[in-house]
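Examining the three-dimensional arrangement
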Amino acid sequence: MSIEFKNVDYIYAPGTPFQTQGLTNISFKIRSGSFVAIAGHTGSGKSTLMQHFDGLLLPSKGSVTIADKSITSNTSSKSLKEIRKKVGLVFQFPESQLFEETVLKDVMFGPLNFGFSEQKAKEQAIQWIRKVGLSEQVMNKSPFELSGGQMRRVAIAGVMAYEPDILCLDEPAAGLDPEGQKQMFDIFKNYQREGHTVILISHNMDDISQYADDMLVLEHGHLIKHASPKEVFSDPDWLKKHFLDEPATSKFARKLEKGGFQFSEMPLTVDSLVNEITTKLKSKGGNE
Ligand SMILES: Nc1ncnc2c1ncn2[C@@H]1O[C@H](COP(=O)(O)OP(=O)(O)OP(=O)(O)O)[C@@H](O)[C@H]1O
């Protein structure tokens, strides 16, 4: 299922002293079945953009089209419910939104809310509890008895259990250990392989370079780049200008090595990476 933005502006608290321009004139198209990363510094508009994918925020100007359904500032709540069944949003630290008595009930909540029968909702919940790497033994426990990492999985299973065509995740691996993070991303990559569209907000360039097909980069509410990670990461001048302080570790560096560069020290920051690339380019006569 595709997503298209046409000239979208979003203004928070219009006409008040708190008025803030969240997004300005955003246009792009996300291909159905792709894995897209949204990157950008804090406050650049990533969460504001994501909340337009299921109509949680309606554009102040312009339009958002999800498959063949258009969302504008006038879209009815009935149409929005249809869209929300197709677009699952997982916010940062989603475990803070768990509320049911048991894990099973919590994961069943989404499917039941979108019209699945009790039986089907239960089957979906059990399947997704397993798929996110939890044992069936947790099903009858209170979510609040679980570890932080397990609670995160329960919350994510709660969205995946109604199998939205588009899955949007805001920093889903934040705070998890490296093994837990990898498992989480493998689950999302498999979800894409099953034919779904996955959209991920991330500050982590390693994850983006490893998993995403395309990147949207925001700055001060403007879309400043829509390209593959390879294109973005092979433009040192652009990286230096926009991502100077973002951390880059060995996997990210290895991706760049494939473009012909070698790196000596790991981990690297983009700053040191860019210096290294610039030095190498100079020594090669600037032809690469
Ligand atoms: N509820 C709100 N009311 C007013 N302004 C807001 C609100 N939420 C966000 N903003 C403003 O909109 C702009 C974009 O914020 P947004 O949260 O979308 O950025 P972000 O890239 O997701 O940041 P972060 O990486 O910190 O989550 C910022 O200037 C922010 O202060």
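Residues numbered from 1 in each chain as written. Predicted model: local features only at pLDDT ≥ 70, side-chain atom pairs only at ≥ 80, totals over all residues. Heavy atoms only, no water.

Here we take up the UniProt feature "binding site: ATP" in the chain. Taking the UniProt record as the reference, the feature "binding site: ATP" is found at Gly40, His41, Thr42, Gly43, Ser44, Gly45, Lys46 and Ser47. Residue placement: Gly45 occurs in the loop between strand E3 (35-39) and helix H1 (46-50). Beyond its immediate stretch of four places on either side in the chain, Gly45 contacts Gly22, Leu23 and Leu218. Looking at the secondary structure, you find Lys46 in helix H1. Not counting chain neighbours up to four residues away, the residues in contact with Lys46 comprise Ile38, Ala39, Gly40, His41, Ile201, His203 and Leu218. Of note is the side chain of Lys46, whose polar atom sits 3.1 Å from the backbone oxygen of His41. (UniProt positions renumbered as here; feature names shortened; annotations may be inferred. Helix = DSSP H or I, 4+ residues; strand = E, 2+ residues; numbered from the N terminus. Contact = heavy atoms within 4.5 Å. Polar contact = N/O pair within 3.5 Å; in protein donor to acceptor, adjacent residues only side chain to side chain.)

We now examine the packing of aromatic side chains. Two numbers describe a pair of aromatic rings. These are the distance of the centres and the angle of the planes. On inspection of all chains with the given rule, the structure shows 9 aromatic pairs. Aromatic pair Phe5 and Phe28: ring centres 4.6 Å apart, planes at 20 degrees, arrangement stacked. Within this pair, whereas Phe5 is found in strand E1 (residues 3-12), its partner Phe28 is found in strand E2 (residues 20-30), the two being separated by 23 residues in sequence. The exposure class assigned to Phe5 is buried, which follows from its relative accessible area of 1%. Owing to a relative accessible area of 6%, Phe28 belongs among the buried residues under this scheme. With a centroid separation of 6.1 Å and 85 degrees between ring planes, the pair formed by Phe185 and Phe188 is classed as edge-to-face. Here Phe185 and its partner Phe188 are both found in helix H6 (residues 178-193), 3 residues apart, which amounts to about one turn of the helix. Each residue in the set Phe35, Phe185, Phe188 and Tyr211 is aromatic and connected to the rest through ring pairs, giving one cluster. Sitting over the ring of Trp128, Lys131 keeps its end group 4.3 Å from the ring centre. In this arrangement the basic side chain of Lys225 is found over the ring face of Trp238, its NZ or CZ atom lying 4.9 Å from the centre. (Phe/Tyr/Trp six-rings, centres within 6.5 Å; stacked < 30°, edge-to-face > 60°. Buried < 20%, exposed > 50% of the residue type's maximum accessible area, 1.4 Å probe, protein only. Lys NZ or Arg CZ within 6 Å of the ring centre and 35° of its normal.)

Both trends apply: most residues other than glycine have a negative phi, and most peptide bonds are in trans. For Glu171, which is not a glycine, the phi torsion comes out positive at approximately 45 degrees. Within the fold, Glu171 resides in the loop between strand E7 (166-170) and H6. When its relative accessible area of 15% is taken as the criterion, Glu171 is described as buried. Of note in the backbone geometry, His220 takes a positive phi value of approximately 45 degrees without being a glycine. Relative to the helices and strands, His220 is located in the loop between strand E9 (214-219) and strand E10 (222-227).

Further remarks concern the environment of Ile83. Positionally, Ile83 belongs in helix H2 (residues 77-86). Between the C-alpha atoms of Ile83 and Pro164, which are 81 residues apart in sequence, the distance is 9.6 Å. Setting aside anything within four residues of it in sequence, one finds Ile83 in contact with Phe53, Asp54, Ile66, Lys69 and Ile71.

Moving on: the side chain of Asp54. Turning to its location among the elements, Asp54 is positioned in the loop between H1 and strand E4 (61-66). We classify Asp54 as buried; its relative accessible area is 7%. Here the side chain of Asp54 touches Leu56 through a polar contact of 3.1 Å, landing on its backbone nitrogen. Contacts of Asp54, omitting those with residues within four sequence positions, involve Leu80, Ile83, Arg84, Val87 and Leu89.

Turning next to the site of the ligand. Close contacts around the ligand come from Tyr12, Thr20, His41, Thr42, Gly43, Ser44, Gly45, Lys46, Ser47, Thr48, Gln92 and His203, and that covers them all. Tyr12 places a side-chain nitrogen or oxygen 3.5 Å from a nitrogen atom of the ligand. In the model, an oxygen atom of the ligand is placed 3.1 Å from a nitrogen or oxygen of the Ser44 main chain. Burial of the ligand by the surrounding chains reaches 61%, relative to a free accessible area of 630 Å². Of the residues forming the shell around the ligand, the biggest block, 3 residues, is contributed by H1. (Near = heavy atom within 4 Å. Areas by Shrake-Rupley, 256 points an atom, 1.4 Å probe, with all protein chains shown as cover.)

If you trace the 6 strands from one edge of the open sheet to the other, you get E6-E7-E8-E3-E9-E10, paired in mixed fashion. Edge strands, defined here as strands with exactly one partner in the open sheet, are strand E6 (87-90) and E10. With strand direction ignored, the average angle separating the axes of adjacent strands in the sheet is 15 degrees. As judged from the 4 bridges shared by E3 and E9, these two strands associate in the parallel manner. Across the sheet, residue Val36 finds its bridge partner in E9, namely Asp214. Contacting E6 and E7, H2 runs over the sheet at an angle of about 70 degrees to E6. (Pairing = 2+ DSSP bridges. Axes fitted to C-alpha atoms, helices over the stretch in contact; angles between N-to-C directions.)

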